[in-house]
Every structure is written in structure tokens, then in C-alpha cells.
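# Descriptive structure summary
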There are 4 protein chains.
Amino acid sequence: MGKMIKGNHAIAEAAIRHGARLYAGYPITPSTEIMEYLSWRMPEIGGSFIQAESELAGINMVVGGAACGVRSFTASSGPGISLKQEGITQLYDEELPAVIINVVRYGNGIGTLYTAQCDYLRETRGGGNGDYRAIVLCPESIQEAVDLLGDAFNLADKYRTVSVLMTEGALGQMMEPCDLPEFVEPKRGPWAFDGKYSYKKVGIFDRDSMKEAVLMNEKHNAIKANEQRWEDGHLEDADYVFVAFGLPGRSTKGAVEKLRSEGNKVAFIRPITAWPFPEKAFEKINKNVKGLITVEANATGQLVEDVALTVKKVMKADLPVYCLPYVYGIPTMKAICADFEKITNGDIKEAF
Amino acid sequence: MGKMIKGNHAIAEAAIRHGARLYAGYPITPSTEIMEYLSWRMPEIGGSFIQAESELAGINMVVGGAACGVRSFTASSGPGISLKQEGITQLYDEELPAVIINVVRYGNGIGTLYTAQCDYLRETRGGGNGDYRAIVLCPESIQEAVDLLGDAFNLADKYRTVSVLMTEGALGQMMEPCDLPEFVEPKRGPWAFDGKYSYKKVGIFDRDSMKEAVLMNEKHNAIKANEQRWEDGHLEDADYVFVAFGLPGRSTKGAVEKLRSEGNKVAFIRPITAWPFPEKAFEKINKNVKGLITVEANATGQLVEDVALTVKKVMKADLPVYCLPYVYGIPTMKAICADFEKITNGDIKEAF
Amino acid sequence: MGKMIKGNHAIAEAAIRHGARLYAGYPITPSTEIMEYLSWRMPEIGGSFIQAESELAGINMVVGGAACGVRSFTASSGPGISLKQEGITQLYDEELPAVIINVVRYGNGIGTLYTAQCDYLRETRGGGNGDYRAIVLCPESIQEAVDLLGDAFNLADKYRTVSVLMTEGALGQMMEPCDLPEFVEPKRGPWAFDGKYSYKKVGIFDRDSMKEAVLMNEKHNAIKANEQRWEDGHLEDADYVFVAFGLPGRSTKGAVEKLRSEGNKVAFIRPITAWPFPEKAFEKINKNVKGLITVEANATGQLVEDVALTVKKVMKADLPVYCLPYVYGIPTMKAICADFEKITNGDIKEAF
Amino acid sequence: MGKMIKGNHAIAEAAIRHGARLYAGYPITPSTEIMEYLSWRMPEIGGSFIQAESELAGINMVVGGAACGVRSFTASSGPGISLKQEGITQLYDEELPAVIINVVRYGNGIGTLYTAQCDYLRETRGGGNGDYRAIVLCPESIQEAVDLLGDAFNLADKYRTVSVLMTEGALGQMMEPCDLPEFVEPKRGPWAFDGKYSYKKVGIFDRDSMKEAVLMNEKHNAIKANEQRWEDGHLEDADYVFVAFGLPGRSTKGAVEKLRSEGNKVAFIRPITAWPFPEKAFEKINKNVKGLITVEANATGQLVEDVALTVKKVMKADLPVYCLPYVYGIPTMKAICADFEKITNGDIKEAF
């Protein structure tokens, strides 16, 4: 079993081991330790660490690093990610592989803040200038964060796109045992600028012809076909299926075991990719299922949209989809079990 | 009938007539004429016009104007709106009424660009730091743009929130006859800073207590209950219902009339509010309807998500939802009619 | 006699009365009250007030205002003026009339600060990209500040150049009786952009031909010939001539009267223009004078360079020039008298 | 003899060999090649290269590097140096050693440009917020630039101050044979932040007490006493002494030899330090000298001020000081000889 390490530190070290050699960004709670760690660690292994003048400067330096074929990434939270939307779109449009780590927080730049999953819709639908989809990976533990970060870099390179590691503030701040990955030798991507003027080589998606929009959809479809990831349990006999990701997904798995031990036929799907959404998981659900329930750490209900869309698209059934939004922090097993009772009692109505 | 006027000019003049007295922003095609017009017009009526150093500076000046109780707004497109996401979230969180005009374009900051509806998901789900919903109004003509802009300011004030006027680049650039609205006398909102320190008075949603999340949801629910707007036709006997907004909505209405003249029982819903989505319109649809079809000016299909969710939520039926995305420009009646035939032939499969 | 008013407020009101209609800047102690006052006063008379994103944004907006023929100005202190050096050079080079108010402070952006005259060399020699000279006016009282500000705007227009009103933090912060000037009707300069493309009309000094360097020197020579301003006293019989400007100049005049009442043949020159330096005043000095003494509010001695150069150039004599630098605040009459004795005793050696 | 190398490349390589390990800046002609070279060279030797978002960001990163005890520097020209004035003052005030390379150009940010010496007064008197003096070193050849850069770093460390390498655009762009210096092992300065909070250790000159102004003057006096550098020739029998630095200094030495071969008793002083100005050189001048002549590459005459002040201070004589300003490029030997004749004919009058 691995040694105890803080989430943000583990993520920072893992990025280096997965071959990342350029970090540029600006500090913001609760992601700051990623940057702090890299400030001394990156130079140690010969990489580039830059505390930029601003979030904007940081993301644009990531654009530059990616164009040079270096594994490049940034990390931020809430308002910091908002400030980077234009640069993230640029990365996507120019097909420059890069990783964005969003240690999600609730709270704007000048108020209080706490752990949350409030950026789900933004990350899965693209908060920048429209019509693009980044790969979004959602770990439930520090170990999974560390491992998924490797997928994030590999998928970004494979599809020449942006990967987002979306994790909660709580995961960044907590400690767990974790085995760090092996060191990967960094190598320059074939799209890298090579000293000759090669803009055309870098940018495919300037979107100025119908052909390119077709290529973009082909890329999206390939990712949807090949890269759905999830964990599930008990889908074969479920009356109700919980859907939750990240730390709330972990609580939910516990709640499911508890509810089953009390005789309730409940199951779970824990999406590991939020985009592409793991639609294939839903094909495995018991045909007599009575309903689906999302567990989310936000105020308005966001994941529930993807679950309702998937029920409609994949299950072709008029099943109720309930939403349990927990706005302040990670929901406990106890809270989830209590709310489940309210659903079966009819005290909580379906969202869709 | 009104006099001929360019869309961007009409929008700029209408903002002034609806009482706006502060514009701050930065130019970007195809929204630039709004700013140009205001550069001479705002001073003429004693308002404040600021070409800021950057998009960020501009949106933060709008925050300041709104905090002072002045009707404040900005206009931009694509990457410019991306750069403003943090400020827009700030406005929403502080409950500062403001209007954002998004003259939507396809294309990042350094490439080619053209008219589109590619920001639908961003605008309806919030591209900033998460869990907020702005009111989104979508005109199909210059006249409607001019009129909805009044609603945008009034609704922003009424609910102390952000309103977005989302229109296509083509509407900003084209000319049509238009009656401009009457002048409204600007008055300061009661939340305005008054020279005494009154931060508490301005900001309710610092989201630091469960109570505020509850209040936020109550606000969202009130807007959903009261402010859905749409136009529809022929819903009572429809085999197929088209859903489209903006200029494509206008083309779609034409296509519906043409298809009906040829014996097809088709209908349309044209959402005027994209958020709140006009779910009530769907309650009016003929129970024997065979399917719904979105017409959209983007590459990936975005509106189709809201239509599928609404079919599931409101119609409680497993009806196919088709998506016709047109990526380069506004679809013609002819193209829509041709693609409708492909749907009835089974050549185009449902999206949901 | 005028009513009591604070220096910064009087300067701000006077700028408006002298026809200024655009202020853009960023606050910094001890000049901030100028900006505060204008924030409500400018809109009142239909002018433009802009609190910019930064000092850089502010000075570049002044460039824009000046190019449009509007009397435009900014005010700042210490580090704020440093940040504006590039824009100030731009104004000079493009021959765009503008006024810079420097309420001089000692102290960098993050430390303590106090009133001083430490920017003398920077203002008189140009801290920007080189080889330009701005007109520098140095008031000794609020009344003189208010009056000289009119000269600053008029001279800027007359010579199409930059005028600096250089005053100490103490003058900005203190109160005195003051008669405010009459209102001047603002009118656009003939160099103003007129809606047609007229870059050539605005910019003469792009310095790309020998002819323009010649024109620049001709302008400098005309200003030196016509615009030297100073106050003097007792030059005809002086053994020693004090030279001091601003508030220390006022103290020095008092010290001179006191020393004369005790039998010392002392005189004073108080430069009102620091550039052009009032060389003509030195022609009036008694030929048997034994030395000159500068009184300065800085640590290193700056004015003493111009006095030594002028003694050499105009008086053609090898006369000792002493420097009395007072680094913390405005020197008192008592301190000056005491140091004068050290000079006559030989305890203080000449600087040049 | 060394190999042929371009001035900017030689300077960049020399900085690394003298132990510099952080470069941050923004490109501007004619200094850009320094940055370009470092963009690949710095990473190669494990140093930090940062193309910042702006000149401001760059100089503030140099502040950071210097505070960490790393030999840090930037390079720029004209407007770029203007934009850095605030940061340069900060470095000086905090006693943080750093090197500024100014490849001097004539011309503002939007016009034409050419080689010049127009920043002499700015560099020798401090263009930032006042009352500081940086060490200014002025090479006449690429070899001397390379060697003086070592002095620049050593003197900055020794006195904990800012050193400026001031060279003309022409020297940056031309090629000459040059022996590059040996590699110096970089070591952290004792003032470096060490992970414990030690602001006090870094910053002495926050200038908030009389004691610190005294310490500052003591530092200035020590530099003046110990660090004057110059080259001279023929001072013992001179009728006229030319004073010139940099490439014009090199032309002037040639002109002096030519004029002497024609029977004129002329001499030269070539200041290598512009501040401290080499006053000691002037003590060696023949007592029967008839005048001094500056040769400068600017329009207004700048070096002439320091020569006139030094004649007054050191030679205690009423000697005429002539100024030969050459505004477009480096003066030729022929031009200097021709203008010398005008001086002896009385066609050119003394400046002081």
C-alpha cells in the first residue's frame, strides 16, 4: 500500500511522472498546492514552471507549450477556470493536447468557498466559445486521480484534444495512501513546431470548411465509442440505480451497500468519464428498474441532465429520474440513505 | 412600418432607450458596430461609454456600474464572451442586474468566423464558475431583438440577475425595418451603492449558507414559472414538431408552412427564452405526435438536449427527437424541407 | 480671498474649469483625491471620467482623448507615474497635447511613503524612451497650482506637447484659501481626428527623418526662449542665492527674509518652470555673488544639477554651488537658516 | 581571436556564462535576438526562460528571481524599457541585484526606429520613481559588451543594486570576432529567500527612516569612489578633449587619431561607466586645454550635461563644452572631423 500523501501533491507529482514538463498558472484555493509543489519540483526534473501574471497569461503559455509538443497543463478552481475559457477553447480548436485540472470549488472570487461539483455542466459542455467537447475524468480517490491523470495526458495526445481532470476541493485537500505511477519518458508530439513555420501542421480545426466540422464530429464519435469509463454494481437486479461521480460517488457506493444490507435492491453507476458520458453502463440495467437517482454536490442539479438524456436515449423508457443535490460539501452515506427513503415514500418528486 | 436599420445599430440604440447608461467592452466581429454606435451615442445622452483595455476590464466595469444601480451592459462574441465568464459569474453571484449581448459567432480568436448558434449550451448552463442560470433571450428579427432587450433589462432588475440577449452574427449584420422603442427614464435600482458602505445590501448570494442556495433555487423556480416565452403554430394536429430559435427559427416557420401546403402535418415551437426553456409549449402538443425535430446552426447539436429533456419531463413519452445541425450559416427553408424528407424516410436517425 | 480648499480638490476642479473633459487614471496616494473628486464632477459637466484597469490603460486612454482634440489629463504619484512613462513618451512623440499631474511622493509601490521632490530629474529629462522634454510647472501654493494648471493646458496646446504639473504630496493634501479660475469653454484642437483617417495630421514626430529632429529642437528652443518662469528676490546685492521650487521654495523665501533681517545678503530664485529651466533669472544675479545654494526635498540632490549647469552656461563663472537636500518632508525656515550657517562656516562643502 | 558572432547573441550567451539563470521579458526590436537565443539556450543549461505576457510581467518576474538569489536579468529597448521603470525602481529600492540590458533605439512603439543613444539621461538619472542611481555600463564593441556584462552582474551583487548594460541597436545587430567568457558557477546570494519568511532580510531600502537615506547615499558614494571606468588617450597635451561612449566613442577614437595625424592636439575620454561618471579622467586633462566636445547619437544633447557638470566640479574652470549630436545612426570619423573644424572656426557655439 502506498504512502500517505495530500491529493494536490499527489496530482502534481503524478503529472511529472506522466511526462508533463510545462506548468503555467496562477494560484487559487483549493488548487494552490499543485502549483506550490511544482514550483520546486518542475525545475528539479528540468521542466518549466511558470507562475504567470494572471490566469490568462498562464493558459496562453500552456497553448505555447502544447504547440511545441511538450506535455503541458494548468490547474485552477472556480473563477480561475472561468478566466481560462478562451484559452481552453483555443487549445481545443487548434487540436493542441493539454490537460486542465479543475479542483472544483463553490464560490466566486471574493466570497467564501467550499468543496463542490458545481462545474459539471460547464466542463461537460464547454464553457468557452461553443461547440466543442473536452474529455472529462472524475476520480473518486487520490489513487484514482493519480492514475486517471495518465489517461488524461494519453487521451489528449491520442485525440489531440483537451482533457479535464475534474475533482472536488475536498479531494485536493485530503490525504490518503497512494502508489505513485512510474516515470514516463517525455517525448515531443509529432504536431510540435520544429523551427520551420508550420502553423498548418498544428492547427486543423480552424473550422473554416464543412469538412472540418465533419472531422470534429468524427473525433467526438470516436471518443464516445472508445473511451466511456465507469464503475458499476448490482445493475442486474436493481429497483433503483444511483448515479454519482467523484467523492459523492464513493459515498454513494457505501450507501448502496448499506441499503442492500437492509433489503433494498439498489445499484450504482459511478461515471469515471463525465464526457463521454458512460451510456453503455445504462444498457446493463435491469429492465424492471423503477427509477434512477443522482447524488450531486451542487445546488441546482446538473448530472441529472445527462442521466435523463441517457435514460431517454439508451433505455428508451419513461423512467423517473430523481436528483439529490447536496450543496455544502460531500454527502454522507447517512444523508443519502435518508433521502432514498424520501424518494420511495414519494416525498421527493422526480426531476425528469 | 419602421425604418431600415442594421441589427447591431438597432440593438445599441434600443439599449439606450431602455434606460441603459453604461456600456463597457472591447470590440470583436461581428458585434463591433454595437460598440462603435455607442461610442458617440452614449455621451450624447449623458451616459458612460468605455472602450476598456480588454474584455476583462470591460466586464468588471459593468460589475461596477451595476453595483451603482445604473443599467449596465456589454456586447461581444465568441472568444470575447469566453473572456468575460468570470465577471458574468460575479454579476450573477452578487445579484447585480446586467445585460450581456452575445452576437454569436463560430470561430476562435485567430481563425475565420461566421454566424452560428454554437454558444447555446454555454449560455443556458453558465460557462463561468458553476451552478447559476442566466435568463437567455433569442430574437428572430431585429424588431424582436429591440423589444426583447427591454425585457432583458426589466427581467434583470426584477430578479436581480443576468440577462443574455443571444443573437446570431447574421442578425447583427443584416438590415430590416424596425420600430425603435420609446425612451425609458433611467432610475437607480434600490440595491445601488449610496455613498455609505453597503456591501451587504448589494450582495446576497455569497453562497455561504444553505439558506442562500435555497433562495437561489427559489429564484430559478420563480423565473421558470413566470418567464417562459415562445411562439408556436399548428401544435394541435402535428405529426412532427420542429423546434428552432433565432434566425433558424424564422426559416423553420417558413419551412413548416411550405411542408403543410404540401400536406405534411408539421408544427413548430420557437423558443424565445432559451432559459427558462419553454416547457409549457410542449404541453400543447398533439398526443399522437410522432417525433420532434430541432433545427440548429452548429455542428454538434445543442438545443436537442433541452428538447429531449423536455419531452421526457413534460410529455412523459418515448418519442424520437431528431437533430438537424447546420454548421455554416442560417439554414434555408429548402434545406430544412429536404432534411425533413430524410427523417420521414428513415435516412436520418433520432439523436435521442 | 478665496475659500479654503484641499490641494487635490482644487487641482481637480481647476482642470475642469480650464476646459479638461477627459480624465483617465488609477488611484495612488497622495494623488487619489484628484481622481475621487473627478469621479462625480466630470459626469456633472458632461466630461469623461474613467477609472481604468491600470495605470497603463489610463495613460493610453489619455492618448486617445488627446488624439480626439479633447483636453485630456491624468494624475498619479511615484510608481504610478513610472508605469505611465511609455504612454507619456507616445504623447510627446505624436505631438498630442496632454497634462500629467505628478503629486510627488517618496516610496515605491509596497513601502511607506511621504511628500518629496524626488522626481525632479525624471520629469525634467524624460523618464520614457529618450530625447524628449516636457514642460514642467512647479507651484508653491494651491493658488499657484490652480493657476499654473491653466498654463499647463494652454502651453500643451500651443506647442503640441506634454505639460507636467509637478507638486509635492504635501500640497495635494493641505488646505489653503484659493480663488478658482473662471470656466473656459472647451474646444477641439485642430489636430483632432475628424472621422476621416488622418493619422498624418496627428503625428508629426514619428522621427523618421532628420527634418523632424530639427523641428523637435526648434520646438524645444522656442519653449526655452519664451516660457521660462520664475520668482526672484534680492538678486542685485546677493552674496548667496538660494534656489528652490514648490513648497520648499516657499520655505526658502521665508528663510531668506529672516536671514536678511539678521544682516545676511541672501537672495532667492524660485523656478516656476523646472523645464525650461529659468536661466534668464541667473543673468540678474549680482556679479560679486559668492555662491548658490539649492534647497531640495530629496536624498541625493537633483535640482543642483540644473543650477550648476546654469551657473556654468549663463554666469560663465567658477562659483560654488551647494546643495541642501532634505529627505523627509518639507524643510522648515529654521532648518534652512541653520544649514546656511554651516555653509558659511565651511562645514558643508559645495556639490559643484 | 574569437569567432564571429552577432552582438545580441554574444550578450545572451555571455549572460549565461556569467551565471545568470533567469531571463524574463518581452520581445522588441532591436533587442529581440537576446530573447530568442535564450529561449532555447536557458533550458539547455537548466535555467529559467520566460516570455512573459508583457514587459510589466517580465520585470516583475525578474524581481521574483532576484529575491530568490538567482542572477536575473531582462533585455529590451525604448518603449519596452519605459514600461519596466516601475519594476526597475522596485529592484533598486529592495536592494535586489539584477541586470537590465537596454539595446537603445530611437522611436516609440508604433513608429520607425533606428540605433541611438537617446536614453542616456534616463539611464543615468533613473526614469522610475525618483532618487535612485543604477550602475550604467557602455560597451564600444561586442567583446567589451561581453566582458562588461560580467562586471554588471558582479557589481549588482556587490552593491545589491541594479546594473544597466546600455548599448546601441547597432551593436546588438552587428557581428564581430569575440572571445566568450568562461563559465561561472551560479550561486545563490545571501539575501535570497530561504523558505522562511524573511522580507526584512531582502528589503533594506524601504526608505522609511532617515537612516536609510543616509545608507543609500553611502552606497552611491562608494560606487562613485570605486567603480569609475573609462578609456582615455592624449589627455596630457590636448587642446580639445572629445568625450564619447559606445560605438560613437569608437568612431571618436578613430577621429582623434586622424585629427592628430593632421597636427591637431586632440584627445579623448571614453566613459565606460556612464554612472558613476568617470570624473577622475578629467583630472588628468592638460591644464591649457581650450575646450571639450561631446559626440552623441541623439537629437538634443545629453552626455554634454555630465561633461559640463564635471568640468565645473573637477576642473574648476570656465571651459567651453561643445556638443555634436548625430541623430541618425553612429557618426562616422569623417563627420566628426568635419564638425571639429566647425568648432575651431567658431561655426558651432558651445552648449555650456
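Residues numbered from 1 in each chain as written. Chains lettered and ligands numbered in written order. Predicted model: local features only at pLDDT ≥ 70, side-chain atom pairs only at ≥ 80, totals over all residues. Heavy atoms only, no water.

### Describing the interface of chain C and chain D
Facing the 61 residues of chain C at the interface are 60 residues of chain D. Interface area, chain C with chain D, both sides summed: about 5000 Å², of which 54% is carbon and sulfur. At the junction of chain C with chain D, the criterion picks out 8 salt bridges. Measuring nitrogen to oxygen at the nearest pair gives 2.7 Å for the salt bridge that ties arginine 125 of chain C to glutamate 305 of chain D. (Contact = heavy atoms within 4.5 Å. Buried area = accessible area lost by both parts, 1.4 Å probe. Salt bridge = Lys/Arg side-chain N within 4 Å of Asp/Glu carboxyl O.)

### Considering the state of the cysteines
One pass over the structure, following the stated rule, counts 0 disulfides over all chains. Free cysteine: cysteine 337 of chain A, not disulfide-bonded; nearest cysteine sulfur from cysteine 323 of chain A at 17 Å. With no disulfide of its own, cysteine 178 of chain C lies 18 Å from the sulfur of cysteine 138 of chain C, the closest cysteine sulfur. Its relative accessible area of 4% is what places cysteine 178 of chain C among the buried residues. (Disulfide = S-S within 2.5 Å. Buried < 20%, exposed > 50% of the residue type's maximum accessible area, 1.4 Å probe, protein only.)

### A word on the arrangement of the chains
Nothing in chain A touches chain C, and the closest approach of their C-alpha atoms is 14 Å. The two units chain B and chain D never meet; even their closest C-alpha atoms stay 14 Å apart.

### A look at the interface of chain B and chain A
With 60 residues of chain B at the contact, the number on the chain A side is 60 residues. Across the chain B/chain A interface, buried area totals approximately 5000 Å², and carbon plus sulfur atoms make up 54% of it. Of all residues in chain B, Asp131, Leu309 and Lys312 of chain B bury the most surface against chain A, accounting for 14% of the area lost on that side. At the boundary of chain B with chain A, the tally comes to 8 salt bridges. Between lysine 316 of chain B and glutamate 350 of chain A there is a salt bridge whose closest N-O contact spans 3.0 Å.

### Regarding the relation of the copies chain B and chain A
Superposition of chain B onto chain A requires a rotation of 180° combined with a translation of 0.0 Å along the rotation axis, giving an RMSD of 0.0 Å. A rotation of that kind, with that shift, is consistent with a two-fold axis. Taking C-alpha positions as the reference, the residue of chain B nearest the rotation axis is glycine 127 of chain B, at 1.9 Å. (Least-squares fit on C-alpha atoms with pLDDT ≥ 70 in both.)

### A look at the packing of aromatic side chains
Per the counting criterion, the structure on display carries 40 aromatic pairs over all chains. Each ring, one from tyrosine 23 of chain C and one from phenylalanine 73 of chain C, has its centre 5.2 Å from the other, and the planes form 70°; the classification is edge-to-face. You can see tyrosine 23 of chain C sitting in strand E2 (residues 22–25) and its partner phenylalanine 73 of chain C sitting in strand E4 (residues 72–76), a full 50 residues away along the chain. Each member of the pair, tyrosine 23 of chain C as well as phenylalanine 73 of chain C, is classed as buried. Ring pairs connect the aromatic residues Tyr23, Phe49, Phe73 and Phe153 of chain A, which therefore count as one cluster. Here lysine 313 of chain C stacks its cationic end above the ring of phenylalanine 352 of chain D, 5.8 Å away from the centre of that ring. (Phe/Tyr/Trp six-rings, centres within 6.5 Å; stacked < 30°, edge-to-face > 60°. Helix = DSSP H or I, 4+ residues; strand = E, 2+ residues; numbered from the N terminus. Lys NZ or Arg CZ within 6 Å of the ring centre and 35° of its normal.)

### Re the packing of helix H11 (residues 246–261) of chain A against helix H14 (residues 333–345) of chain A
Residue and element names in this part refer to chain A. At a minimum axis separation of 8 Å, H11 and H14 run at an interaxial angle of 55°. The angle between H11 and H14 falls in the class oblique. Crossing handedness for the pair H11 and H14: right-handed. The residues of H14 that touch H11, namely those facing Ser251, Thr252, Gly254, Ala255, Lys258 and Leu259, are Met333, Ile336, Cys337 and Phe340. A per-class count over the contact of H11 with H14 returns 6 nonpolar, 3 polar and 1 charged. (Axes fitted to C-alpha atoms, helices over the stretch in contact; angles between N-to-C directions. Parallel < 35°, antiparallel > 145°, perpendicular 65-115°, else oblique. Left-handed = near helix turned anticlockwise from the far one by under 90°. Nonpolar A, V, L, I, M, F, W, Y, C, P; charged D, E, K, R; others polar.)

### A word on helix H14 (residues 333–345) of chain B
Residue and element names in this part refer to chain B. Its 13 residues place the ends of H14 18 Å apart at the C-alpha level, agreeing with the 18 Å of an ideal helix rising 1.5 Å per residue. Those residues of H14 that fall on the buried side of the exposure criterion are Ile336, Cys337, Asp339, Phe340 and Ile343. For H14, the angular spread of buried residues about the axis comes to 170°, placing them on one side. In H14, the exposed positions that point more than 90 degrees away from the buried face belong to Lys334, Glu341 and Asn345. Here the buried face of H14 lies against strand E11 (240–243), helix H11 (246–261), strand E12 (266–271), strand E14 (291–296) and strand E15 (321–325). Positive phi shows up at glycine 346, right after H14, with a value of about 85°. (Expected span 1.5 Å × (residues − 1). Arc of directions from axis to C-beta.)

### Side note on the side chain of glutamine 117 of chain C
All names here are of chain C. In this structure, glutamine 117 sits in the loop between strand E6 (114–115) and helix H6 (120–125). Reaching out from glutamine 117, the side chain makes a polar contact with the backbone oxygen of phenylalanine 245 at a distance of 2.9 Å. Setting aside residues up to four positions removed in sequence, glutamine 117 forms contacts with Val104, Glu168, Phe245, Gly246, Pro248, Val295, Glu296, Ala297, Asn298 and Gln302. (Polar contact = N/O pair within 3.5 Å; in protein donor to acceptor, adjacent residues only side chain to side chain.)

### Thoughts on unusual backbone geometry
A cis geometry characterises the amide bond from threonine 29 of chain B onward to proline 30 of chain B, with omega recorded as 0°. Looking at where proline 30 of chain B falls in the secondary structure, it is placed in the loop between strand E2 (22–25) and helix H2 (32–44). Here tryptophan 275 of chain C and proline 276 of chain C are connected by a cis peptide whose omega angle stands at 0°. Tracing the sequence through the fold places proline 276 of chain C in the loop between strand E13 (273–275) and helix H12 (279–283). Even without being glycine, lysine 316 of chain C reaches a positive phi, approximately 50°. One can find lysine 316 of chain C in the loop between helix H13 (303–315) and strand E15 (321–325). The class for lysine 316 of chain C is partly exposed, based on a relative accessible area of 35%.

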